[in-house]
Amino acid sequence: MTFTLPGLLLLLVIAAVCGAVGRAIAGDIRGGLIVSIALGFIGALIGPWVAAQLGLSEPFMVHISGHAYPVLWSIIGAAIVVAIMHVFSRRA
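The sections below set out a description of the structure shown in this document. (Residues numbered from 1 in each chain as written. Predicted model: local features only at pLDDT ≥ 70, side-chain atom pairs only at ≥ 80, totals over all residues. Heavy atoms only, no water.)

1. Here's the deal with the side chain of Arg23
Point 1. Relative to the assigned elements, Arg23 resides in helix α1 (residues 5–26).
Point 2. With relative accessibility at 7%, the residue Arg23 sits in the buried group.
Point 3. Residues in contact with Arg23, not counting those within four places in the same chain, are Asp28, Ile29, Arg30, Gly31, Gly32, Val35, Ser36, Leu39 and Val82. (Helix = DSSP H or I, 4+ residues; strand = E, 2+ residues; numbered from the N terminus. Buried < 20%, exposed > 50% of the residue type's maximum accessible area, 1.4 Å probe, protein only. Contact = heavy atoms within 4.5 Å.)

2. Considerations on a nonpolar patch on the surface
Point 1. A cluster of nonpolar side chains, Val13, Val17, Val21 and Ile25, forms an exposed patch at the surface whose accessible area comes to about 340 Å².
Point 2. Relative to the helices and strands, Val21 is located in helix α1.
Point 3. Taking the relative accessible area as the measure of exposure, Val21 reaches 33% and is therefore partly exposed. (Patch = residues over 30% accessible without salt bridge, like charges linked within 9 Å, V, L, I, M, F, W, Y side chains within 5 Å. Areas by Shrake-Rupley, 256 points an atom, 1.4 Å probe, with all protein chains shown as cover. Salt bridge = Lys/Arg side-chain N within 4 Å of Asp/Glu carboxyl O.)

3. Examining the pairing of strand β1 (residues 61–64)
Look at any regular strand and the pattern is simple: side chains alternate between the two faces of the sheet.
Point 1. Only one face of β1 is buried: it carries Val62 and Ile64, and the other face, with Met61 and His63, is open.
Point 2. The pairing of β1 with strand β2 (residues 67–70) spans four bridges and is classified as antiparallel. Paired with Val62 across the strands is Tyr69, a residue of β2. (Pairing = 2+ DSSP bridges.)

4. Some details on helix α2 (residues 33–54)
Point 1. Taking 1.5 Å per residue, 22 residues should reach 32 Å; α2 reaches 31 Å between its end C-alpha atoms and fits that length.
Point 2. Those residues of α2 that sit buried are Ser36, Ile37, Leu39, Gly40, Gly43, Ala44, Gly47, Val50 and Ala51.
Point 3. Considering only its buried residues, α2 is in contact with α1, β2 and α3 (71–89). (Expected span 1.5 Å × (residues − 1).)

5. Observations regarding unusual backbone geometry
Point 1. Of note, the phi angle at Ser65 is positive, near 50 degrees, even though the residue is not glycine.
Point 2. Within the fold, Ser65 resides in the loop between β1 and β2.
Point 3. For Ser65, a relative accessible area of 36% gives the class partly exposed.

6. Description of the environment of Ala20
Point 1. Relative to the elements of secondary structure, Ala20 occurs in helix α1.
Point 2. Note: C-alpha distance between Ala20 and Ile37 (17 residues apart in sequence) is 8.0 Å.

Honestly, it's all geometry; don't read function into it.
Rendered as structure tokens:
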């Protein structure tokens, strides 16, 4: 998989936005830009898997340097990860 530098920077920005939106939906967690980017990429892995398990399609894909990035499912996947993090980090 090869990316151009502008394509990689655009992918990082989209992942950051998706992660930030996922964090806002599920409840904010500590961290900044790097955490948002990581959540965006983790959401891009988990979200499409959940969609495939439910038999759903991706309504909004962004193509960057010939590679598709699932924006909607990335946001949903990031929100799922944040929600799971909140469940396991609760203190009694």
